[in-house]
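Notes for the structure review
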Amino acid sequence: MHSIIPIPAFRDNYIWLIREGTRAAVVDPGDAAPVIAYLDRERLQLSAIIATHHHNDHVGGNLGLLARWQVPVFGPARETIPGRTNALGEGDRIEVPGVDVRFDVLDIPGHTAGHIAFVGSLSSAPAVFCGDTLFAVGCGRLFEGTPAEMWSSLSKLAALAPETQVFCGHEYTLANIRFALAVEPDNRALNARRSREEQRRALGQPTLPSTIGEERATNPFLRAEQTAVKMAAEAHAGRSLANAVATFAELRAWKNAFQ
Ligand SMILES: [Zn+2]
């Protein structure tokens, strides 16, 4: 039976640790210290490092972990990943050593040019590790990609089974919900989610994982084809928007300036 543990790092990052028996694989270890502290406390051995993209708050701990454990590092082929042993792109399937997990790899460019996602089953529950592309009620900034690329990447994630658990890289949910409510104030699922997530944060709990189904119902960046979202984006832009990519681009620009 797997357990998936969020290890908080920096201000609002989550490093995800997949634990099975006495072994553990770690996703996006931006910092080695909290991972080592957890592994030592729980008497676990590291068996693999998994990277979604090259940003330092996701890979900054790789070399520190490798100094102690010589393990494979799975990461995107099109980015520079410290210690990478397995260069991956869409269509690749990996077996993560030690923790009995298989992942299929998706290319999801937009936040970074070579960003990848890992889709698999953990104790028969579907899960996706999507780094900084899809967040709970939000999406990553477009540092290296176009709105069309990001829309296509988000659509790929939205097409996963609704029960798929979403493990992303940051706790941004409450701020994302504030923006989402500016776009869709009358979305009932979103209003219900706000109460639920505020309660979790008040108790110091993570709001993650969410599910693809929840994101499809509440995340404006997956909802650019919904009439209410398109109309809100057009009202904000002061012009009509021709298609979902144009609506998505306007939402992303609006969010960038949103206080
Ligand atoms: Zn990033």
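Here the structure is a predicted model, which means the values were calculated and not measured. (Residues numbered from 1 in each chain as written. Predicted model: local features only at pLDDT ≥ 70, side-chain atom pairs only at ≥ 80, totals over all residues. Heavy atoms only, no water.)

1. Here's the deal with the overall build of the protein chain
- A tally of regular secondary structure across the protein chain gives nine helices and 14 strands.
- Each principal axis of the C-alpha distribution contributes one length, and for the protein chain these read about 55 × 40 × 30 Å.
- Split into buried and exposed, the 259 residues of the protein chain put 52% on the buried side.
- Looking at the protein chain alone, contacts between residues at least 24 apart form 58% of all its contacts between residues at least 6 apart.
- Just so you have it, the protein chain exposes about 10900 Å², and 50% of that area is on carbon and sulfur atoms.
- Side chains of the protein chain carry 25 positive and 28 negative charges; the gap between the two charge centres is 4 Å. (Helix = DSSP H or I, 4+ residues; strand = E, 2+ residues; numbered from the N terminus. Buried < 20%, exposed > 50% of the residue type's maximum accessible area, 1.4 Å probe, protein only. Contact = heavy atoms within 4.5 Å. Areas by Shrake-Rupley, 256 points an atom, 1.4 Å probe, with all protein chains shown as cover. Lys, Arg positive; Asp, Glu negative; His and termini not counted. Charge placed at Lys NZ, Arg CZ, Asp CG, Glu CD.)

2. What to know about the coordination of the zinc ion
- Around the zinc ion, the protein supplies His53 (NE2), His55 (ND1), His111 (NE2) and Asp132 (OD) as donor atoms, at distances of 2.2 to 2.3 Å.
- Donor residues for the zinc ion sit on one chain with the sequence pattern H-x1-H-x55-H-x20-D. You can see His111 sitting in the loop between β8 (101-107) and β9 (116-122) and its partner Asp132 sitting in the loop between β10 (125-131) and β11 (134-135), a full 21 residues away along the chain.
- Look at Asp132 and you get buried, because its relative accessible area is 4%. (Donors = N, O, S within 2.8 Å, 3.2 Å for Na, K, Ca; no water.)

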